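Structural characterization, general
Here are the chains, one letter per residue:
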Amino acid sequence: MQEEDATAGTDGLPIPECERRLAAGGVGILALAGVAAPVLRPVNFALHAGSIILRTGEGRILEAAQLGEPASFVLCEVDRFEHTGWSVVVTGKLRERSALEDLDALQEEEATAGTDGLPLPECERRLAAGGGGILALAGVAAPVLRPVNFALHAGSIILRTGEGRILEAAQLGEPASFVLCEVDRFEHTGWSVVVTGK
């Protein structure tokens, strides 16, 4: 992956606004450490007693929670054509909670309900439109998630960035994951395209 300035024109959201957006629940992206690059998964979530709660079955997310692995979570709304939007990134350690642990009030849906893979030509078509997405890089405590503007050129995702972690990763040829998605956080519908590379 090549890059250019991804942080131009960004402003931080105040903590109360971040909490308000998380409290609405919906769908976000969970990033876990992976062998080749960070693993990105869209997940349904709810905020309960200051914790982000995910419902999952057997698989990588449950395994990571049982091991108490560090993770990053991003909730965002991005207009990938206007290059505007917002994101809230939360980093911490996962832990397993049983369905009986004070979660009776939560009305969550299955994280994998209704998921279908997009055909490769459709993924390529959506990437070719360019716009904004989320880049995940390996981090010290957990994967680092950054909103980025991108374009597809000759089969490569091109990012624009200034100094910082993204430029450093590109110069070192570090593995990364990129997700392009459109999600209705409240209807729990949408799609995502995840690409892994260097």
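See the structure shown above.
So, here is what we can say about the structure in this document.

Parameters and conventions
Residues numbered from 1 in each chain as written. Predicted model: local features only at pLDDT ≥ 70, side-chain atom pairs only at ≥ 80, totals over all residues. Heavy atoms only, no water. Phe/Tyr/Trp six-rings, centres within 6.5 Å; stacked < 30°, edge-to-face > 60°. Helix = DSSP H or I, 4+ residues; strand = E, 2+ residues; numbered from the N terminus. Buried < 20%, exposed > 50% of the residue type's maximum accessible area, 1.4 Å probe, protein only. Pairing = 2+ DSSP bridges. Axes fitted to C-alpha atoms, helices over the stretch in contact; angles between N-to-C directions. Salt bridge = Lys/Arg side-chain N within 4 Å of Asp/Glu carboxyl O.

1. Some points on the packing of aromatic side chains
- Summed over the entire model, instances satisfying the criterion amount to two aromatic pairs.
- Between F45 and F73, the aromatic rings sit 4.9 Å apart at their centres with planes inclined by 70°, giving edge-to-face as the arrangement. Separated by 28 residues along the polypeptide, F45 in strand 3 (residues 39-48) and F73 in strand 5 (residues 70-79) bring together distant segments of the chain. Note on accessibility: F45 and F73 belong to one class, buried.

2. Side note on the sheet that holds strand 4 (residues 51-54)
- The five strands lie next to each other as 4-3-2-5-6, forming an open sheet whose pairing is antiparallel. The sheet terminates laterally at strand 4 and strand 6 (84-93), the two strands that pair on one side only. With strand direction ignored, the average angle separating the axes of adjacent strands in the sheet is 40°.
- In terms of strand pairing, strand 3 meets strand 4 through four bridges, oriented antiparallel. Within strand 4, the position partnered with A46 by the bridge is I53.

3. Remarks on the pattern of salt bridges
- Following the criterion strictly, the structure yields eight salt bridges and no others.
- One salt bridge connects E63 with R60, and the closest N-O pair in it is separated by 4.0 Å. One end of the pair is E63 and the other is R60, both in helix 2 (residues 60-67) and three residues apart, which spans about a single turn.
- According to the relative accessible area criterion, R60 is partly exposed, its value standing at 26%.
- Counted as one network, the salt bridges with shared partners bring together E17, R20 and R21.

4. Observations regarding the pairing of strand 3
- Taking burial as the measure, the ten residues of strand 3 include seven buried ones, the bulk of the element.
- Pairing geometry for strand 2 (residues 26-32) and strand 3, over seven bridges, is antiparallel. Across the sheet, residue I29 finds its bridge partner in strand 3, namely P42.
- Hairpin connection of strand 2 to strand 3: six residues between the antiparallel strands.
- What sits between strand 3 and strand 4 in their antiparallel hairpin is a turn of two residues, with A49 showing a positive phi close to 50°.

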